[in-house]
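So the chains spell out like this:
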Amino acid sequence: MAKQPARIRVDVEGQEVELSNLDKVLYPAAGFTKGEVIHYYTQVGPILLPHLRDRALTRIRYPNGVDGPSFFEKNAPGGTPKWVRLKELPTPGSSQGRETIDFVVCDDLPTLVWVANMAGLELHTPQWRIGRTKEPKPDLLVVDLDPGAPAALAECAAVAVLLRERLAQDGIDSYPKTSGKKGMQLCCPIAGTQNAEIVTGYAKVVAEELEKAHPRQIVSKMAKNLRPGKVFIDWSQNNAAKTTVAAYSLRAQPTPTVSTPLTWDEVEDGAVRQFTAMEVLERVDELGDLMAPLLEKGPKVPDSPPAVGPRVSR
């Protein structure tokens, strides 16, 4: 294969975007190059972008590939093109002592390609959208299912089913995806009218209920020494300052795995594994966007969650 020029300019939906070092290998174990990263994001973009739209984007960049150093990037870097949408937002508790940051908002394919060209492999977003209210009000409830070895994805799938059933008691629909690493997440559309403290409190109570009903399978406390052989339900993902990897985002693993939406049949059968970028494109062709319901408005969570224990079916 002929070597690519160091820099090229391409037209992406009418916007000129400069690409560089397309031959650079970013996933050495798989021989997966920056050009292939950009190709993946270009192909999955029509389905991915609605989930990124109006959300402050945190990128995890790997300029020398997944085996090299990485860094989180929330702010718009120097040289950001003028056509990239930016939004100045407060950053309480910033490690840099900043009161606000100009966040990148990835609303279109040129921006997504620009991010991919900077080796922004992982895309993380908060559970709230910008510009709707002054205070962040989540329109998603997200729980992370983190297995403590020897528990693995099969154990996460079993807990996901229990969690789906419990959330359904409050009229909340849930949609599963892999994390692209070792665990899973459940994503639930909610009303977007309550603050993050209420949503976090509700998720915490649900996790505690399930731990009480299934103590051999589930832990709701964050202490890592409690996790071996169990699945930790991380309810804290709903904190306004936290982000979760977006559906269809690549992950920085030895192979280019993706945070992949799943069907409930797959989860119930225990047929859950991590999928690669090329497999995800095939799944999208076959299944469409399994996360499309997240784009619709959901119900409110209970303002005053019930006491731990009585609501759970064993």
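I will try to describe carefully the structure that is included in this document.

Each value, and the rule that gives it
Residues numbered from 1 in each chain as written. Predicted model: local features only at pLDDT ≥ 70, side-chain atom pairs only at ≥ 80, totals over all residues. Heavy atoms only, no water. Helix = DSSP H or I, 4+ residues; strand = E, 2+ residues; numbered from the N terminus. Contact = heavy atoms within 4.5 Å. Areas by Shrake-Rupley, 256 points an atom, 1.4 Å probe, with all protein chains shown as cover. Lys, Arg positive; Asp, Glu negative; His and termini not counted. Charge placed at Lys NZ, Arg CZ, Asp CG, Glu CD. Axes fitted to C-alpha atoms, helices over the stretch in contact; angles between N-to-C directions. Parallel < 35°, antiparallel > 145°, perpendicular 65-115°, else oblique. Left-handed = near helix turned anticlockwise from the far one by under 90°. Nonpolar A, V, L, I, M, F, W, Y, C, P; charged D, E, K, R; others polar. Salt bridge = Lys/Arg side-chain N within 4 Å of Asp/Glu carboxyl O. Buried < 20%, exposed > 50% of the residue type's maximum accessible area, 1.4 Å probe, protein only.

1. What about the overall build of the chain?
Then, in step 1: Across its full length, the chain holds six helices and 17 strands.
Then, in step 2: Expressed as lengths along the three principal axes of its C-alpha atoms, the size of the chain is roughly 65 × 40 × 35 Å.
Then, in step 3: Long-range contacts, defined as pairs at least 24 residues apart, comprise 68% of the intrachain contacts of the chain with a sequence gap of at least 6.
Then, in step 4: Carbon and sulfur atoms make up 51% of the accessible area of the chain, which totals about 14,200 Å².
Then, in step 5: Here the chain contributes 38 positively and 39 negatively charged side chains, and the mean placements of these two sets differ by 6 Å.

2. Let's talk about the packing of helix 1 (residues 34-52) against helix 2 (residues 109-117)
Then, in step 1: Viewed as axis vectors pointing N to C, helix 1 and helix 2 meet at an angle of 140°, and their least axial separation amounts to 9 Å. What the angle tells us is that helix 1 and helix 2 run oblique. In terms of crossing hand, the pair formed by helix 1 and helix 2 is right-handed. For the pair formed by helix 1 and helix 2, the contact residues are Lys34, Val37, Ile38, Tyr41, Thr42, Gly45, Leu48, Leu49 and Leu52 on the first element and Leu109, Leu112, Val113, Ala116 and Asn117 on the second.

3. Re unusual backbone geometry
Trans is the prevailing form of peptide bonds, just as negative phi is the prevailing case for residues other than glycine.
Then, in step 1: Cis geometry is adopted by the peptide bond preceding Pro150, which originates at Ala149 and carries an omega value of 10°.
Then, in step 2: In this fold, Pro150 is placed in the loop between strand 10 (140-147) and helix 3 (153-168).
Then, in step 3: With phi around 65°, Asp54 is a residue other than glycine that occupies positive phi space.
Then, in step 4: Within the element layout of this structure, Asp54 appears in the loop between helix 1 and strand 5 (56-61).
Then, in step 5: The phi torsion at Tyr248 lies on the positive side, around 80°, for a residue other than glycine.

4. Thoughts on the packing of helix 3 against helix 4 (residues 196-213)
Helices that pack against each other are described as a pair by the angle of their axes relative to one another and the distance between those axes.
Then, in step 1: At a minimum axis distance of 11 Å, the contact between helix 3 and helix 4 shows a crossing angle of 125°. The orientation of helix 3 with respect to helix 4, classified from their angle, is oblique. In this structure, helix 3 crosses over helix 4, and the sense of that crossing is right-handed. When helix 3 is examined against helix 4, the residues Leu162, Leu163, Arg166 and Leu167 are found in contact with a partner set consisting of Tyr202, Val206, Glu209 and Leu210.
Then, in step 2: Class assignment for the residues of the contact of helix 3 with helix 4 results in six nonpolar, no polar and two charged.

5. Observations concerning the pattern of salt bridges
Then, in step 1: On inspection of all chains with the given rule, the structure shows 19 salt bridges.
Then, in step 2: Across the pair Glu73 and Arg59 runs a salt bridge, and its minimum N-O distance is 2.9 Å. With Glu73 in strand 6 (residues 71-73) and Arg59 in strand 5, this residue pair connects regions lying 14 residues apart in the sequence. There is no split in this pair, since Glu73 and Arg59 are both buried.
Then, in step 3: Ionic contacts of the salt-bridge type, sharing partners, join the residues Arg7, Arg9, Glu16 and Glu18 into one network.

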